[in-house]
Amino acid sequence: MTGLLFILCVIAFGFFGLADKKHHQTRFEQRPSPERSHRMRRIGWILLAFSFPVSIAAEGWIYGPVLWSGMVMCSAGVVFLMLNFLPETVKWLDPGHKE
Amino acid sequence: MAKSFRQSQTFLHTWSGLLLGWLLFLVFITGTIAFYREGVNRWMHPEMARVEQPYQLLDKTQHYLEKHAPDAMSWFITMPNRNDAGSFTFWTPQPDSPDATGYWLDNSARIGSNTDPAHLRPSRGGEFFYRFHFDLHYMPVIWARWLVGLAAMMMLVAICSGVVAHKKIFKDFFTFRRHKGQRTWLDGHNATAVLALPFHLMITYTGLVTLMAMLMPWAIVANYENTRAIQNELFPSADGVEPTGKRMDMVPLSTLVHDAEEKLGMKAGTLMISNPGDEMARVTIRISGAEQLDSRTPSIVYNAVTGREIWRSPPPGGAAVTTGAMIGLHAARFSGETLRFLYFLAGVAGTIMVGSGLIMWTVKRREKLPDPTRPHFGFHLVERLNVATIAGFSLGIAAMFWANRLLPADLANRADTEINWLFISWGISALLALALRPKWSWTVLFGLTGAALFTLPFYNILADMNGLPSTIAAGDWVLAGIDISLLVFGMAAIAIALRIARYRPPERRRRALRNKGKTPVPETLAPEPAE
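- The name given to chain B in an unreviewed UniProt entry is PepSY domain-containing protein, with Altericroceibacterium spongiae as the source organism.

- Per an unreviewed UniProt entry, chain A carries the name DUF3325 domain-containing protein and comes from Altericroceibacterium spongiae.

Next comes the structure, spelled out in structure tokens:
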């Protein structure tokens, strides 16, 4: 459950991070449209909101919120490191994006 | 031009951070290590086997105390558990006893299942780091707590002003501009600060809560005649009894612990025995702080001769639980392996945040110096203090770990000597920081720290002191984790040392070559921290 929580938070922050113009440019080789950024951020928020009940399920009502804040911070850090330190050759191919 | 609010907050952030930053660095680094204080206790007592039979070990401790301190006024025992290095005990001798030195550690022992306390290498272990982060060292604890309390208040100011000053806090959440000098330092400082911001706010505020009665006593003074009055209300206890002088045997303490654990449904943490061996002997069993978020745990008092329960702590009020929970959040005793590691990572981030902030002060101002080879005194002071504290204290910690391994077990005052080696190394580092140019003192000190940390796990293997192969094979992840951390931090320190040694400020050299013979081009003004 804790592992699932971690993955969920990493994906959420992944959406937040990739919505950023510079990181989107680096990893998708095109700048995001404002709607795309907005959409990605909205997905990030939904995933983050969903991770809260997962943390409650993992550790209960007292320790769950503590675990949640810890995981949120940790996953933000992991995504920060990945986006800024993975070589620029690591990219995502996104067939859904309009040219 | 009138300063904007943001600019004034920037000024406040810079100075509240800088003036107490060196002390805050010490508090952060030792506090972060203290999250694993039991683990470091075990690491620094390598001859002690992991506790497998806590109740048997408790009885062994009782026998030891009955033999070595039968006439003491009181005994204090920490309940042995799997994570800690055996059972730690200390006792208060009678005032007229020759053992009454006034220093509590003189009358203490660490009891292990496979060790004889007389032959155990005395060491403060992880307890040193825990105590240091609010009691410091070599000074009366009240002075230390005032200093640390002041530093923590400035930290809170620095956090809040930092958030206000950070104009694009959401936009720049994932920003890290590499190879851009001052901007890179800013992005690094911002990342460690913002990504772990909830932790930094929590740990600083709750840290102040632990010292609140000292820092802001006026509500207490206004409402209570003396400290005893509020102590009795906040922390009710059974009435003390005078010993009658009639010696009587006590029941085995493990039976009382079983009873208490059954009644309260939680594991015991500590035992306090008053008037041991007397007719009026009492045992106060307190539940372990690891069992709940509220650090102020319930307790039961027993008659030690009959084994009957005499008194039980009443349920605490709302305000007391709130305080206890805040202190619990700060100390993280409740945390299991995952949460404790998250706390540790956040602490590392905080340490880097403070260190990078201190360094950034010099990086920013170096660009504005009229003559970089002859900076003003303030710049010198900050630059040298940075080296001495950040690199020097780290080397001191590495030296203390080595002292734990190398000092002979029967050395007099061994525990204190181990700690003295931290400060001796720190002192030598400070002298180096004064004598050498900063580029070289950074390199040498970080290089030495890295080498010292990295080689320790290998020494553990050679000297058969819970080396990595045996701890991993035994599934002893706390000890293995400490050795792995030594390797990781050692490599990081060496990498930093190499980076600094190889660093050439490119722009300045190219520009100097370009401008030979021409009037100097002014450097572009450094932007405000939030931009």
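### Describing the overall build of chain A
- Along chain A, the regular secondary structure elements total 3 helices and 0 strands.
- For chain A, the sequential pattern of α-helices and β-strands runs α-α-α.
- Seen through its principal axes, chain A has C-alpha atoms that stretch 45 × 25 × 20 Å.
- Looking at the 99 residues of chain A, the share that counts as buried comes to 46%.
- Taking as baseline every contact in chain A between residues at least 6 positions apart, the subset at least 24 positions apart corresponds to 71%.
- Within the structure as shown, chain A displays about 5700 Å² of accessible surface, and the carbon and sulfur contribution to it stands at 69%.
- Within chain A, one finds 10 positive and 7 negative side-chain charges whose respective centroids are separated by 5 Å.

### Considering the nonpolar core
- Of all hydrophobic cores here, the largest spans 106 residues; its most connected members are Phe13 of chain A together with Phe129, Phe199 and Tyr343 of chain B.
- The leading source of residues in this core is helix H3 (residues 34-85) of chain A, at 15 residues.
- One finds Leu65, Ile77, Ala268 and Val283 of chain B within the second-largest nonpolar core, a separate group that totals 28 residues.

### Brief notes about the interface of chain B and chain A
- Listed per partner, the contact involves 22 residues of chain B and 21 residues of chain A.
- For the pair chain B and chain A, the summed buried surface comes to about 1700 Å²; carbon and sulfur atoms form 79% of the total.
- Counting the surface chain B buries against chain A, the share from its top three residues, Phe174, Leu195 and Leu342 of chain B, is 39%.
- If you list the elements that add at least two residues to the side of chain B that touches chain A, you get helix H7 (197-210) and helix H13 (337-368) of chain B.
- In terms of residue count, the dominant contributor to the side of chain B that touches chain A is H13 of chain B (5 residues).
- Along the lines of polarity and charge, the residues of the side of chain B that touches chain A split into 16 nonpolar, 3 polar and 3 charged.

### Structural notes on the packing of H13 of chain B against helix H14 (residues 377-406) of chain B
All names here are of chain B.
- Viewed as axis vectors pointing N to C, H13 and H14 meet at an angle of 150°, and their least axial separation amounts to 10 Å. Relative to H14, H13 is oriented roughly antiparallel. Taken as a pair, H13 and H14 cross one another with a handedness that is left-handed. From H13, Gly355, Leu358, Ile359, Trp361, Thr362, Arg365 and Arg366 reach across to H14, where they touch Gly378, Phe379, Val382, Glu383, Asn386 and Ile390.
- A breakdown of the residues in the contact of H13 with H14 according to their chemical character gives 6 nonpolar, 4 polar and 3 charged.

### Digging into H14 of chain B
Residue and element names in this part refer to chain B.
- Taking 1.5 Å of rise per residue, 30 residues should cover 44 Å, and H14 covers 40 Å from first to last C-alpha, within 8% of that figure.
- The largest bend along H14 measures about 30° and falls at glycine 392.
- Counting buried residues in H14 gives 23 out of 30 residues, a clear majority hidden from the surface.

### Some details on the UniProt feature "transmembrane region" (unreviewed entry) in chain A
- With numbering aligned to this structure, UniProt lists the feature "transmembrane region" (unreviewed entry) at residues 43-62 and 67-86 of chain A.
- Note that residues 67-86 of chain A is 95% helix and 0% strand, and that its end C-alpha atoms are spaced 27 Å apart.

### Section: the pairing of strand E6 (residues 299-303) of chain B
All names here are of chain B.
- Among the 5 residues in E6, 5 count as buried, and that is most of the element.
- Of the pairings in the sheet, the one linking E6 to strand E7 (residues 309-312) comprises 3 bridges and is antiparallel in character. Counterpart to isoleucine 300 in the pairing with E7 is arginine 312.
- Hairpin remark: E6 followed by E7, antiparallel, with 5 residues in the connecting loop; positive phi at glycine 307, about 80°.

What counts and how
- Residues numbered from 1 in each chain as written.
- Chains lettered and ligands numbered in written order.
- Predicted model: local features only at pLDDT ≥ 70, side-chain atom pairs only at ≥ 80, totals over all residues.
- Heavy atoms only, no water.
- Helix = DSSP H or I, 4+ residues; strand = E, 2+ residues; numbered from the N terminus.
- Buried < 20%, exposed > 50% of the residue type's maximum accessible area, 1.4 Å probe, protein only.
- Contact = heavy atoms within 4.5 Å.
- Areas by Shrake-Rupley, 256 points an atom, 1.4 Å probe, with all protein chains shown as cover.
- Lys, Arg positive; Asp, Glu negative; His and termini not counted.
- Charge placed at Lys NZ, Arg CZ, Asp CG, Glu CD.
- Core = buried A, V, L, I, M, F, W, Y, C linked by side-chain atoms within 4.5 Å.
- Buried area = accessible area lost by both parts, 1.4 Å probe.
- Nonpolar A, V, L, I, M, F, W, Y, C, P; charged D, E, K, R; others polar.
- Axes fitted to C-alpha atoms, helices over the stretch in contact; angles between N-to-C directions.
- Parallel < 35°, antiparallel > 145°, perpendicular 65-115°, else oblique.
- Left-handed = near helix turned anticlockwise from the far one by under 90°.
- Expected span 1.5 Å × (residues − 1).
- Bend = angle between axes of the 7 residues up to and from the residue.
- UniProt positions renumbered as here; feature names shortened; annotations may be inferred.
- Pairing = 2+ DSSP bridges.

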